[in-house]
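As a plain string of letters, each chain reads:
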Amino acid sequence: MGGWKSHSEEEWPEPSVAGVRLVDAPILFFVVTHKAFRLELDAVRRVAAEAAEAGALSGEVVVELSRRLEFLKLVYDYHSLAEDEVIFPALDSQVKNVVRAYSLEHSSIDDSFSCIFHYLDLLMNKEEDTSQTFQDLISSIVTVQTMIYHHMHKEEEQIFPLLMEKCSPEAQSKLVWQYMCSVPTMLLEEFLPWTTLYLSSYEKLDVLYCIQLMVPKERLLQEVLISWVQRESSSSGANSIYGKRHQLLNGLSNMDILNREHQFKKACSIHNNCVEEPVKGIHIWHAALRRDLDQIVEELLHIRSSNCSTSLSSIFVQLKFIVDVLIFYSNSVDKIFCNLSNLEAENSKSLCNPLIDECQIKILQRLLLYEPRSSAQLENFVEMLYQELESLGRGLGKNLMLLETEVFPSITKSCTIEMQMTLLQACLYMMPLGLLRCTVTWFSSHLTESQSNSIIEKVELGLHSAISKSFTSLLCQWIRIGYSGKISTEKFRENLVEMFNSRSFYLAEQNRQKTIFSDWRFNPNSTTKRKIRADFPSSSASEETGEMNIPIFFSQKLKRMPPLHRDLVEADHATSATLEYRPMDAVFYFHRGLKKDLEYLVILSAKLAADVGFLTEFKKRFELLRTIYQIHSDSEDEIVFPALESKGALQNISHSYSLDHKLELKYFTKTSIILEEISELHDQQGSNDTRARLEKFFLEIHHTCLSLCKVLSGHMHREEVEIFPLFRESFSVEEEETIIGRMLGSTGAEMLKKVITWLMAHLTTVEQQAMVSIWLKVAKNTKFDEWLREWWEGMAKLTVSTEEEGFRPHHEGVIPGQSPSYVDPLGETFGCKHYKRNCKLLAPCCNKLYTCIRCHDKQTDHSADRKAITEMMCMKCMVIQPIGQKCMSQSCNGFSMGSYYCRICKLFDDERQIYRCPYCDVCRVGMGLGVDYFHCMKCNACMAKALSIHICREKCLEDNCPICHECMFTSYTALRVLPCGHAMHSSCFQNYICSDYICPICSKSLGDMQVCFGMLDSMLAEAKIPEEYSGRTQVILCNDCEHRGTASFHWLHHKCSCCGSYNTKMLGDVPKSML
């Protein structure tokens, strides 16, 4: 096995959607993009790994990786955004509680990409040790690769099958088309051929046919998209894609601009003398923006004066469109024109200010989400919207004037006409395809005939070689449609309504809750701005989830920071400060311990390459973490998640997290396999080849641990954000205690000791006390506190081995019973009729040896205190010694006293499967809690898992058997739990039902009595009542359903009219006056 095994070579389960054609389920176009992402990530990882292995860490390799990763990040940003804003809302309208977990995963993956670019920046600047930084870069790539694989596999298992089930192929086609319309045109042109680059010819034909079905019936538009899909890459394949116009979305670098400008200035253009400079016509564009914004303000004034709000919805749609156009234009100006203008101005003061105020846009976006509920609120709302638009218009007018008087004149002087056309085309290409279509049509409707013809001429003559003729024809067609008036203003607004209402536009649903308005009347003298800004707090760009909202589209280089340790710290601080108040908050403590152990595992894995001596500690910590995490995952899958799903409003919320558990098990298994191979190589002679293979394995296990840490930490963080807050909203404290009780009751004593010891090591003293108080409250009906007290505080002293001091027999003379006893009459097996064991116990109460405590109690007139027993006798060597699982005498050479040993109960057994229950604080026959038994905290009883649903009766087994009156809690005889929740010995039950069929305590029926009651029906139907008793009615009380009613007279049997039971009690005759 090599150190750089790709993910495609690993065994990922085949998704349920595999083999379905796109024409049958167009939504699977996203699965096609998943394939491209997977193969591209594999290729990038392979390039980096081969460079590191060969020691060829040149600048060319770093540049290539940077170009490919920049493109990959940009494409993945739009892919995630399309899912968040198109796919997920569509699914959420059909199936609730599914999509939020996947949106949270998008944010986590975005943070991990930042770590990659942090290391790329260091390599570009050569600020640190190149070799180590390159290894850190590879680790980050592997982490992102794992997270994306994990996320996409889950989507293919849950999201897309649900969409295929709930949406028709036509509806799926519309969703995919909305996705394409939300991607910047320049990126879409490069994204489509990149997506199909990894497909077979048959798969590519499937994609082409699907696009023909999805794209609206516009011949030119279909031709454009199909030409992009069919565009053949150069001989360099995928490498020809990277580093093209999509980099404008990240901003033109100074070098890019200089090179392009130099190239265009040297070129001779035949159009210089006959075509007006394109940039000079920018005032037409500005005039259109001003005109529509002023028109919206006027319509708001009309609404305010007339109190008629019928046109408010269409104004909203038009305003959303204008805001989107302004955002994209602002970013185009900033990234292209101002960048170039400032370069020409060299070191002088920047000529550009931001075109629009980001804070104003955010406030405006939140205002557009508000729905007034009364006329007073509507009046205030319209006034606030008017104030914001007036302020926006004033600032926009000044900045547009600055562009027209200073920035664009500078560009016309320094750039050729071809260069100006290229810049304008780049501005258009930065818009998403859907917005570009609406924008061109809208702008053209403001043009005169001469202006329209001039722009079409410039578009056709200024055609850049990188822009296809078919796309140029499409632009010209859109211009003609807008100018000719084929789409009226009303029809245009209808199209906008359809475009914007088909998706969640600006804010995610959870951010709608921040839109709060007080029921106050507008006062011109009040501090309106302060009021608005208080109601709409500033948020990061990532909160703005508008499909056309540019702040979340552009690459965020300024935010690049290594996220691993930061996320862990934030997750720790995210733990609620009020953990002591709710039982389910104990999970936050558990998560904290898991996260700290994962982080420590990453540190240990990094040390392995330098010192293989850490291998033993690493294996020990890894196996403990794996076991504990498995217990935690099983508890969630079997107890916590079903409890959530039982609430009708929370159905489907846990499926994503159950998928996480299944996939995370794969990571643990992979790490175990690598550890086994490392152990085998470590035991061999240290040849050069062996050392080289070990180094690869050490790197692989370090990468795996980093991925494991990131994936599991993200999983737990999402649970804390989405899952566990729901318990406070939907569950009572008692219900939470029941859930925690079931989780504890399914964990065996020995494993619980390990878990508690492990967890307490990660908590402070105050947190330990809080955690134990939760446990004690949940297990208040049990003897858990006694069990915990027996080993936790004095555990170190109890486990001190007597072998360190040496064993010296100190008993002299013969003690009664100092001889072996046997189970069988042939004397071949040590023990007694109760237990098969190899020792006897020395009872301090009578200084005699007995095979077991039960033997002692039967042979004496008193009971033994098992906890006072400290010595035993080995029946092989006959030596009396301190009690323990093995004989300490040298002649026995570690002879075992029994396969099972409990040092608390002083119980030995060499025959049966026994487990210790920490809540009963006794040993019981069975495979263990969570295996075939569980402990009910309310009943304080160990029960078979088949009784997980039963009627709880508090401390029901601490009573005596109602038949023989022997204590049931410590009884050695099997018990029978009755349907009513009471219990008795099984043997007592068998004898009792021979004479009665009701519980001796509550008088409920002992089982299903329908057959017996049917026989009574037949018997009573044939029986004849004497005439003096006929017509007589008696009052009865049903013991089964507790219904009070009447029945016909009989000496013995009275049937309940409610449930049909004969288990009734006669209360008396019905008075004649009531008949």
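Quick caveat: nothing in here was measured; it's all calculated off a predicted structure.

Trainee: What is the right way to read unusual backbone geometry from this model?
Mentor: Apart from glycine, the bulk of residues carry a negative phi angle, and the bulk of peptide bonds sit in the trans form. A positive phi angle, close to 80 degrees, is found at asparagine 652, a residue other than glycine. Here asparagine 652 lies in the loop between helix H23 (615-645) and helix H24 (655-683). For asparagine 652, a relative accessible area of 33% puts it in the partly exposed group.

Trainee: Hey, could you run me through the packing of helix H7 (residues 201-214) against helix H8 (residues 219-230) in this one?
Mentor: Axis angle and axis distance: for two packed helices, these are the angle between their axes and the distance between the axes, and together they describe the pair. In the contact formed by H7 and H8, the axes pass within 10 Å of each other and the chain directions differ by 165 degrees. As the angle between them shows, H7 and H8 are arranged roughly antiparallel. Along this stretch, H7 crosses H8, giving a crossing that reads as right-handed. Between H7 and H8, the contacting residues are Leu208, Ile211 and Gln212 on the first element and Gln222, Leu225, Ile226, Val229 and Gln230 on the second. Looking at the contact of H7 with H8 residue by residue, the classes come out as 5 nonpolar, 3 polar and no charged.

Trainee: Can you help me understand a nonpolar patch on the surface in this one?
Mentor: A surface patch of nonpolar side chains, about 340 Å² in accessible area, is lined by Ile1025, Trp1051 and Leu1052. Tracing the backbone shows leucine 1052 in the loop between strand E14 (1044-1048) and strand E15 (1064-1069).

Trainee: Honestly, the nonpolar core in this entry has me stumped. Any pointers?
Mentor: A general tendency of soluble globular proteins is for nonpolar side chains to be buried together. Phe134, Ile159, Tyr329, Leu385 and Leu389 are the most contacted members of the largest nonpolar core, which totals 270 residues. The contacts of phenylalanine 134, once residues within four sequence positions are left out, are Ala48, Ala51, Ala52, Leu57, Val61, Leu65 and Leu123. By size, the runner-up hydrophobic cluster in this structure holds 13 residues, among which are Ile853, Ile869, Met872 and Phe908.

Trainee: Please explain the sheet that holds strand E3 (residues 871-874) as it appears in this structure.
Mentor: Within a sheet, each strand pairs with its neighbour through backbone hydrogen bonds, oriented either parallel or antiparallel. One open sheet holds the 4 strands; their spatial order is E2-E1-E3-E4, and the pairing between them is antiparallel. One side of each edge strand has no neighbouring strand; the edge strands of this open sheet are strand E2 (848-850) and strand E4 (880-882). Looking at each pair of strands side by side, their axes are set apart by 40 degrees on average, direction ignored. Of the pairings in the sheet, the one linking E3 to E4 comprises 3 bridges and is antiparallel in character.

Trainee: How should I be thinking about a negative patch on the surface in this particular structure?
Mentor: Side chains of Glu623, Glu676, Glu680 and Asp683 sit close together on the surface and give a patch of like negative charge. The dominant element in the negative patch, judged by the number of residues it contributes, is H24, at 3 residues. Relative to the helices and strands, glutamate 623 is located in helix H23.

Trainee: Would you mind showing me how to read the sheet that holds E15 here?
Mentor: Spatial ordering of the open sheet is given by E14-E13-E15, a layout of 3 strands whose pairing is antiparallel. Because the sheet does not close on itself, it has two edges, and the strands there are E14 and E15. Within this sheet the neighbouring strands show an average axis-to-axis angle of 40 degrees, counted without direction. Direction of pairing for strand E13 (residues 1033-1038) relative to E14: antiparallel, over a ladder of 5 bridges. Following the sheet pairing, leucine 1037 is matched in E14 by arginine 1044.

Trainee: When you look at the confidence of the model for the chain in this model, what are you seeing that I'm missing?
Mentor: Any residue range with low pLDDT should be treated as having predicted coordinates unsuitable for detailed reading. Scored by pLDDT, the chain comes out at a mean of 78, with 80% of its residues at no less than 70. pLDDT under 50 marks residues 233-239. Its contacts with residues more than four places away, or in other chains, come to 10 contacts. Overall, residues 252-274 carries pLDDT values under 50, and its contacts beyond four positions in sequence, including any with other chains, amount to 29 contacts.

Trainee: Teacher, can you tell me more about the packing of aromatic side chains here?
Mentor: Any pair of aromatic rings gets described here by the distance separating the centres and the angle formed by the planes. Counted under the stated rule, the structure contains 33 aromatic pairs. Here tryptophan 228 and phenylalanine 471 contribute two aromatic rings whose centre-to-centre distance is 5.9 Å and whose plane-to-plane angle is 35 degrees, an arrangement assigned as tilted. Of the two residues, tryptophan 228 is situated in helix H8 and phenylalanine 471 in helix H17 (residues 469-484); the sequence distance between them amounts to 243 residues. The same class applies to tryptophan 228 and to phenylalanine 471, which are both buried. Their ring planes at 75 degrees and their centres at 5.6 Å tell us that tryptophan 285 and tyrosine 329 sit as a pair that is edge-to-face. Note that tryptophan 285 is positioned in helix H10 (residues 282-306) and tyrosine 329 in helix H11 (residues 312-344), a separation of 44 residues in sequence. The pair formed by tryptophan 285 and tyrosine 329 is uniform in burial state, with each residue classed as buried. Here a set of aromatic residues connected by ring pairs shows up, and it is made of Phe29, Phe30, Phe37, Phe71, Tyr76, Phe113, Phe160, Tyr179, Phe191 and Trp194. Looking at arginine 304, its charged tip hangs above the ring of tyrosine 386, at a distance of 4.9 Å from the centre.

Trainee: Got a minute to help me understand the environment of cysteine 877 in this structure?
Mentor: Position of cysteine 877 among the secondary structure elements: in the loop between E3 and E4. For cysteine 877, a relative accessible area of 19% gives the class buried. In this structure the C-alpha to C-alpha distance between cysteine 877 and glutamine 890, which are 13 residues apart in sequence, comes to 9.6 Å. In this view, cysteine 877 contacts Cys887, Ser889, Ser891 and Cys892; residues no more than four positions away in its chain are not counted.

Trainee: Before we go on, may I ask you to explain the packing of H23 against helix H28 (residues 749-760) in this structure?
Mentor: For the pair H23 and H28, the least separation of the axes is 11 Å and the interaxial angle reads 110 degrees. What the angle tells us is that H23 and H28 run roughly perpendicular. Where H23 approaches H28, its residues Leu624, Thr627, Ile628 and Ile631 are matched on the opposing element by Met751, Val755 and Trp758. The residue inventory of the contact of H23 with H28, partitioned by class, reads 6 nonpolar, 1 polar and no charged.

Trainee: I tried to follow the pairing of E14 on my own but got confused; where do I start?
Mentor: The two faces of the sheet receive side chains in turn, since in a regular strand these alternate between them. Only one face of E14 is buried, namely the one carrying Gly1045 and Ala1047, since none of Arg1044, Thr1046 and Ser1048 on the opposite face is buried. Counted along the chain from E13 to the antiparallel partner E14, the turn is 5 residues long, and its residue glutamate 1042 has a positive phi close to 60 degrees.

Trainee: Can you walk me through the pattern of salt bridges in this structure?
Mentor: Close approach of charged atoms allows side chains of opposite charge to pair. Evaluated as defined, the whole model comprises 36 salt bridges. Between lysine 753 and glutamate 750 there is a salt bridge, with its nearest N and O atoms 3.7 Å apart. Placement of both lysine 753 and glutamate 750 in helix H28 is noted, with a separation of 3 residues, approximately one turn of the helix. Overall, lysine 753 belongs to the buried group, its relative accessible area being 12%. Here glutamate 750 falls in the exposed class, since its relative accessible area comes to 52%. Of the charged contacts, one joins lysine 1004 and glutamate 1042 as a salt bridge, the two residues approaching to 3.1 Å between their closest N and O atoms. With lysine 1004 in the loop between helix H33 (986-992) and helix H34 (1010-1022) and glutamate 1042 in the loop between E13 and E14, this pair connects stretches of sequence that are 38 residues apart. Under the relative-accessibility criterion, lysine 1004 is labelled buried at 18%. Residues joined by salt bridges that share partners form a network here, namely Glu105, Lys154, Asp660 and Arg718.

Trainee: Could you clarify how one ought to interpret helix H6 (residues 185-196) in this entry?
Mentor: Every α-helix carries 3.6 residues per turn, so stepping three or four residues along brings you back to the same face. Under the 1.5 Å per step criterion, the end-to-end length of H6 is 17 Å for 12 residues, consistent within 8% with the ideal 16 Å. Within H6, 12 of the 12 residues are buried, which leaves the element mostly enclosed by the surrounding structure. Of all the residues in H6, the buried ones are Thr185, Met186, Leu187, Leu188, Glu189, Glu190, Phe191, Leu192, Pro193, Trp194, Thr195 and Thr196.

Trainee: I would appreciate a short explanation of the side chain of serine 332 in the present structure.
Mentor: Within the fold, serine 332 resides in helix H11. At 2.9 Å, the side chain of serine 332 forms a polar contact with the backbone oxygen of phenylalanine 328. Discounting chain neighbours no more than four positions away, the residues touching serine 332 are Phe337, Cys427 and Met430.

About the cut-offs
- Residues numbered from 1 in each chain as written.
- Predicted model: local features only at pLDDT ≥ 70, side-chain atom pairs only at ≥ 80, totals over all residues.
- Heavy atoms only, no water.
- Helix = DSSP H or I, 4+ residues; strand = E, 2+ residues; numbered from the N terminus.
- Buried < 20%, exposed > 50% of the residue type's maximum accessible area, 1.4 Å probe, protein only.
- Axes fitted to C-alpha atoms, helices over the stretch in contact; angles between N-to-C directions.
- Parallel < 35°, antiparallel > 145°, perpendicular 65-115°, else oblique.
- Left-handed = near helix turned anticlockwise from the far one by under 90°.
- Contact = heavy atoms within 4.5 Å.
- Nonpolar A, V, L, I, M, F, W, Y, C, P; charged D, E, K, R; others polar.
- Patch = residues over 30% accessible without salt bridge, like charges linked within 9 Å, V, L, I, M, F, W, Y side chains within 5 Å.
- Areas by Shrake-Rupley, 256 points an atom, 1.4 Å probe, with all protein chains shown as cover.
- Salt bridge = Lys/Arg side-chain N within 4 Å of Asp/Glu carboxyl O.
- Core = buried A, V, L, I, M, F, W, Y, C linked by side-chain atoms within 4.5 Å.
- Pairing = 2+ DSSP bridges.
- Lys, Arg positive; Asp, Glu negative; His and termini not counted.
- Charge placed at Lys NZ, Arg CZ, Asp CG, Glu CD.
- pLDDT = per-residue confidence, 0-100.
- Phe/Tyr/Trp six-rings, centres within 6.5 Å; stacked < 30°, edge-to-face > 60°.
- Lys NZ or Arg CZ within 6 Å of the ring centre and 35° of its normal.
- Expected span 1.5 Å × (residues − 1).
- Polar contact = N/O pair within 3.5 Å; in protein donor to acceptor, adjacent residues only side chain to side chain.

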